[in-house]
Amino acid sequence: MRDHPPLPISPGFWRSPLRGPWLTSVLGLVLLIGITVLFVTGLVSYAAYNPGLSPVNDQTPDKGVLGFYLFAWPTGPVWLYRLTQGVHVTLGITLIPVLLAKLWSVVPRLFTLPPARSVAHALERVSLLLLVGGGLFEFTTGVLNVQLDYVFPGSFYPLHFYGAWVFFAAFLAHAALRTPTALRAVRGRLHEQSDLVTPRPAPPTVSRRGALWLVGGGSLLLFLTTVGQSLGGPFRRTALLAPHGTADPGGGPNGFQINKTAAYAGITAADTHPDAWRLVVTGRSGTVRLSRAQLLQLPQHSASLPIACVEGWSTADQWWRGVRLRDLAALVGYDGDPPDVFVESLQRHGAFRRAALRANQVADERSLLALSVNGEELSPDHGHPARIIVPAAPGVLNTKWVARLTFGDL
Amino acid sequence: MPHRVPLGSVLRRPRRMPLGSPLQLLLLACSFALAAYAGIRLLAGDRLGVALWIVGAALLHDLVLVPLYSLADRAVTRGLGAAGRRGWTLYARVPAMLSGLLLLVWFPLISGMVDEPYRSATNLSPDGFLTRWLLISAVLFGGSALLLAWRLRRAAKHRPPASH
């Protein structure tokens with residue numbers, strides 16, 4: 001270092017010749033589109049849980065007006081949640097290099113002095129803290145959650161949902177204030193001097209386009225080593241570092257991806273023993289108790305449906321076989337007019353040991369209380385003796401180890 | 001950036017900070033209102049923990065992660081520059097960045113810190129992540145080295161024989 005090493009507050013401290021309005025704007029516009037898709041698919045995922053139906057489906061009951069858009073989640077196409085949540089998680093992971101590059105490109109502004117030129121500028125800088133902090137918070141909680149690393153301060157759902165709104169509030173303001181400038185910059189029509197351009201550029205080691213290729217290469221690498229866990233089938237092997245990539249848990253008809261094993265959920269063999277286990281079905285005409293053998297004597301139907309997890313991974317369609325939910329509703333007095341159903345699992349702990357399904361989900365002929373999968377009895381990890389499987393519903397609403405079904409309007 | 005300050009306000013209170021664009025103020029006020037509405041709910045649980053995470057994420061990124069990777073990059077650039085091989089920088093930087101990116105995103109799985117919950121929840125083996133990351137990194141660095149060697153050889157071939 002020669003004479004006085006400049007401080008970060010001095011523009012001469014930042015020497016990369018790459019920084020400038022063009023690079024920042026290109027990255028910003030990619031994030032403008034990408035983060036909008038992330039936000040929308042995130043909201044869609046919340047709607048897919050049918051939180052308005054019952055408190056057990058809702059991890060953010062204090063949402064107030066933030067749930068303004070909620071709608072009854074449909075049962076088709078069967079791959080709907082696979083698609084929306086696969087996009088949400090895979091795109092989020094793919095955008096990480098773009099986010100990091102964008103933050104790198106504007107890092108000198110963190111140290112700009114004077115701290116504020118006007119009241120509006122001061123407020124904008126406060127808003128930028130919410131933008132950067134909120135954005136990193138959303139990406140971090142998402143990335144940790146899909147790796148089952150629950151170190152964040154609270155339950156994932158409220159943190160990620162309310163955090164998304166805080167972040168998106170700042171994101172909207174930032175987009176409204178900056179998009180016009182960014183568009184002018186990428187079209188080469190920005191003629192103002194930019195504080196992002198260093199007055200003391202170091203000799204370049206890569207061109208701006210080269211840097212952009214590097215960011216794109218990082219995104220592509222993350223995409224290619226992740227997307228297979230959502231595509232399933234032979235593509236799963238390509239997801240080299242994704243949590244549900246490369247391998248399936250064991251072979252055979254039950255050898256597809258598991259969210260939580262029986263052991264993890266605390267389900268014992270005694271709980272599910274044929275002598276002990278009874279399905280309790282309640283409705284307007286009373287209560288029926290059915291053993292597994294009795295369930296097998298009811299009309300059996302099949303449905304090819306995937307499992308799609310909020311963590312972004314999913315399976316190809318599995319061939320489920322069991323009793324239609326609407327047939328079970330008919331057993332307890334709802335013949336032809338299936339209502340909502342409240343499902344309870346044998347599971348003693350865990351947020352989704354109880355779940356509610358809406359009437360449209362119960363009425364769908366593909367919605368089953370499944371007893372077997374791919375031609376074999378359900379394994380303990382996939383919900384033996386019986387589990388719910390509903391088209392297009394998020395994985396956790398497909399309750400495993402079902403103990404009780406209560407039909408009636410919720 | 002030129003700012004138009006209303007003349008009247010300057011004459012009355014010459015030393016006060018100007019307000020700035022009213023449109024921008026209105027927009028930011030709306031944004032803060034929405035952020036506050038969601039923020040109250042976000043902070044309803046572990047208030048201090050969540051605030052620490054949000055502010056900490058920004059600080060950790062800007063004051064730790066960025067300086068760290070900038071210094072590492074500068075060390076590589078200078079080291080190669082001192083050896084008269086400045087042109088080789090990218091061949092080290094690209095694989096290092098890609099490998100570092102994968103490590104950053106999948107750190108819990110690669111480091112093995114979630115091995116136990118991962119195995120018991122999914123019935124999958126957590127053992128392969130570190131190996132696969134190392135293999136990917138080896139392929140990235142190896143590929144980069146091969147590309148450099150190939151380019152050097154080609155450059156040597158095209159050089160006039162007198163320079164040998």
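Bear in mind the structure is a predicted one, so any value in this text is a computation, not a measurement.

### Re the overall build of chain A
At step 1: Helix and strand content of chain A: 11 helices and 10 strands.
At step 2: With respect to the three principal axes, the spread of C-alpha positions in chain A is 85 × 45 × 35 Å.
At step 3: In chain A, buried positions account for 57% of the 410 residues.
At step 4: Taking the contacts inside chain A whose residues are at least 6 apart along the sequence as the reference set, 71% of them involve residues at least 24 apart.
At step 5: In the form shown here, chain A has an accessible surface area of approximately 16,600 Å², with 63% of it arising from carbon and sulfur atoms.
At step 6: Computing the positive centroid from 34 side-chain charges and the negative centroid from 24, chain A places the two 11 Å apart.

### What to know about the sheet that holds strand E5 (residues 341-345) of chain A
All names here are of chain A.
At step 1: Spatial strand order, E2-E1-E10-E5-E6: 5 strands in an open sheet with mixed pairing. Of all strands in the sheet, those bounded by a partner on one side alone are strand E2 (286-290) and strand E6 (354-357). Strand after strand, the sheet turns through a mean of 15° between neighbouring axes, direction not considered.

### Some words on the side chain of Ser230 of chain A
Residue and element names in this part refer to chain A.
At step 1: Along the polypeptide, Ser230 turns up in helix H6 (residues 228-231).
At step 2: The class for Ser230 is buried, based on a relative accessible area of 11%.
At step 3: Within the structure, the side chain of Ser230 is placed 2.8 Å from the backbone oxygen of Gly312, a separation counted as a polar contact.
At step 4: In this view, Ser230 contacts Arg82, Gly86, Thr90, Gly312, Trp313 and Ser314; residues no more than four positions away in its chain are not counted.

### Some details on the interface of chain B and chain A
At step 1: Each partner contributes to the interface: chain B provides 64 residues, whereas chain A provides 79 residues.
At step 2: Considering only the side of chain B, the residues that lose the most area to chain A are Phe32, Trp53 and Trp106 of chain B, jointly responsible for 11% of the buried surface there.
At step 3: Connecting chain B to chain A are 0 salt bridges.
At step 4: Along the contact surface separating chain B from chain A lie 15 residue pairs in polar contact (both at pLDDT 80 or more).
At step 5: Only helix H2 (22-42), helix H3 (47-82), helix H4 (89-105), helix H5 (107-111), helix H6 (115-122) and helix H7 (128-158) of chain B provide two or more residues apiece to the side of chain B that touches chain A.

### Describing the domain arrangement of chain A
Residues and elements named next belong to chain A.
At step 1: Domains assigned within chain A are domain 1 (11-224) and domain 2 (262-407).
At step 2: For domain 1 versus domain 2, the separation of C-alpha centres amounts to 38 Å.
At step 3: Facing the 27 residues of domain 1 at the interface are 30 residues of domain 2.
At step 4: Between domain 1 and domain 2 the total buried area reaches about 2,400 Å² when both faces are included, carbon and sulfur atoms providing 59% of it.
At step 5: The largest contributions to the domain 1 side of the interface with domain 2 come from Thr75, Val78 and Arg82, which together make up 29% of the buried area.
At step 6: For the side of domain 1 that touches domain 2, the element with the most residues is helix H2 (residues 80-106), which contributes 6 residues.
At step 7: Among the residues making up the side of domain 1 that touches domain 2, the classes are represented as 16 nonpolar, 10 polar and 1 charged.

### Some remarks on the pairing of strand E4 (residues 318-324) of chain A
All names here are of chain A.
At step 1: Where burial is concerned, most of E4 is hidden: 5 out of the 7 residues are buried.
At step 2: As defined by bridge partners, strand E3 (residues 301-305) adjoins E4 across 5 bridges and the pair is classed as antiparallel. Bridged to Ser304 within E4 is Trp319.
At step 3: Looking at chain direction, E4 and strand E7 (residues 368-373) are connected through 5 bridges and run antiparallel. The residue of E7 that forms the bridge with Val323 is Leu369.

### Thoughts on the environment of Phe342 of chain A
Residue and element names in this part refer to chain A.
At step 1: Among the secondary structure elements, Phe342 is positioned in strand E5.
At step 2: Note on Phe342: relative accessible area 17%, which makes it buried.
At step 3: C-alpha of Phe342 to C-alpha of Arg354: the two residues are 12 residues apart in sequence and 7.3 Å apart in space.
At step 4: When residues no more than four places from it in sequence are discounted, the contact partners of Phe342 are Ser54, Val56, Arg354, Ala355, Ala356, Arg404, Leu405, Thr406 and Leu410.

### A word on the nonpolar core
At step 1: Ranked by internal contacts, the top residues of the largest apolar core, which has 76 residues, are Phe161 of chain A together with Leu42 and Trp106 of chain B.
At step 2: Among all residues touching Trp106 of chain B, those that are not within four sequence positions of it are Ile93, Val146, Gln147, Leu222, Thr226, Leu241, Ala242 and Pro243 of chain A.
At step 3: Grouped together as the second largest cluster of nonpolar side chains are 49 residues, Val310, Val343, Val362 and Leu369 of chain A included.

### Some details on the UniProt feature "transmembrane region" (unreviewed entry) in chain A
At step 1: As annotated in UniProt, the feature "transmembrane region" (unreviewed entry) corresponds to residues 20-44, 64-81, 87-107, 128-147, 159-177 and 210-231 of chain A in the numbering used here.
At step 2: Along residues 20-44 of chain A the backbone is 96% helical and 0% strand, and the end-to-end C-alpha distance reaches 36 Å.

### A short note on the UniProt feature "domain: Oxidoreductase molybdopterin-binding" (unreviewed entry) in chain A
At step 1: Taking the numbering used here, the UniProt-annotated feature "domain: Oxidoreductase molybdopterin-binding" (unreviewed entry) corresponds to residues 272-407 of chain A.
At step 2: A distance of 23 Å separates the end C-alpha atoms of residues 272-407 of chain A, which is 14% helix and 35% strand.

### What about H6 of chain B?
At step 1: Taken as a whole, H6 of chain B has its buried residues at Tyr118, Ala121 and Thr122 of chain B. Mapping the buried residues of H6 of chain B onto a view down its axis gives an arc of 80°, with all of them on the same face.
At step 2: Tucked into the core, H6 of chain B has its buried residues touching helix H7 (262-265) of chain A together with H5 and H7 of chain B.

### Looking at the pairing of strand E1 (residues 279-283) of chain A
All names here are of chain A.
At step 1: Within E1, 5 of the 5 residues are buried, which leaves the element mostly enclosed by the surrounding structure.
At step 2: Bridge count between E1 and E2: 5 bridges; the pairing is antiparallel. Bridge pairing in E2 places Thr282 opposite Thr287.
At step 3: Hairpin connection between E1 and E2: a loop of 2 residues separates the two successive antiparallel strands.
At step 4: Across 3 bridges, the pairing between E1 and strand E10 (residues 402-407) is parallel.

### Quick word on the packing of aromatic side chains
Residue and element names in this part refer to chain A.
At step 1: Within this structure, the stated rule accounts for 20 aromatic pairs over all chains.
At step 2: Between the aromatic rings of Phe68 and Tyr69, the centroid separation amounts to 5.5 Å while the plane-to-plane angle is 75°, which identifies the pairing as edge-to-face.
At step 3: For Phe68, a relative accessible area of 63% gives the class exposed.
At step 4: Here the aromatic rings of Phe167 and Phe171 are separated by 5.9 Å at their centres, their planes lie at 50°, and the arrangement is tilted. Of this pair, Phe167 and Phe171 both sit in helix H4 (residues 156-186), 4 residues apart, roughly one helical turn. Each member of the pair Phe167 and Phe171 is classed as buried.
At step 5: Pairwise contacts between aromatic rings join Tyr49, Tyr150, Phe152, Phe156, Tyr157 and Phe352 into one cluster.

Reading the values: the criteria
- Residue positions are given per chain, counting from 1 as you read along its sequence in written order.
- Lettering of chains starts at A and numbering of ligands starts at 1, both following the order in which they are written.
- Side-chain atom pairs in this predicted model are given and counted only at pLDDT of 80 or more, local residue features only at pLDDT of at least 70, and totals for whole chains, interfaces and linings cover all residues.
- Only hydrogens and water are set aside; all other atoms, that is, all heavy atoms of the structure, feed into the side-chain values.
- Going along the chain from the N terminus, every DSSP run of H or I of four or more residues is numbered as a helix, and every run of E of two or more is numbered as a strand.
- Relative accessibility thresholds used throughout: buried, under 20% of the residue-type maximum; exposed, over 50%; partly exposed, between the two (1.4 Å probe, protein chains only).
- In what follows, a contact means two residues having at least one pair of non-hydrogen atoms within 4.5 Å.
- Only the protein chains shown count as cover for residues, with accessible areas throughout obtained via the Shrake-Rupley method and a probe of 1.4 Å.
- When charges are counted, Lys and Arg are positive and Asp and Glu negative, with His and the chain ends excluded.
- By convention, the charge on Lys lies at NZ, on Arg at CZ, on Asp at CG and on Glu at CD.
- Strands qualify as paired when DSSP identifies two bridges or more between them.
- Geometry is summarised by axes, namely lines fitted to C-alpha atoms with helices restricted to the contacting stretch, and by angles between N-to-C directions that run from 0 to 180 degrees.
- Polar contacts, as counted here, are pairs of nitrogen or oxygen atoms within 3.5 Å of one another; within protein the pair requires one atom able to donate a hydrogen and one able to accept it, and residues that are adjacent in sequence qualify only if both atoms are side-chain atoms.
- When two parts are put together, the accessible area they lose, computed with a 1.4 Å probe and summed over both, is reported as buried area.
- Basic side-chain nitrogens of Lys or Arg form a salt bridge, by our definition, when they fall within 4 Å of a carboxyl oxygen of Asp or Glu.
- For each domain, the first and last residues come from an automatic or database assignment.
- In this classification, the charged set is Asp, Glu, Lys and Arg, the nonpolar set is Ala, Val, Leu, Ile, Met, Phe, Trp, Tyr, Cys and Pro, and all remaining amino acids, among them Gly, are polar.
- Take the buried Ala, Val, Leu, Ile, Met, Phe, Trp, Tyr and Cys residues and link them wherever side-chain atoms come within 4.5 Å; each set so joined is a nonpolar core.
- UniProt positions are given in the numbering used here, feature names are shortened, and annotations may be inferred rather than shown by experiment.
- In this context, the arc is that of the directions from the helix axis out to the C-beta atoms.
- Centres within 6.5 Å make a pair out of two Phe, Tyr or Trp rings, where for Trp the six-membered ring is used; the pair is then stacked when the planes are under 30 degrees apart, edge-to-face when over 60, and tilted otherwise.

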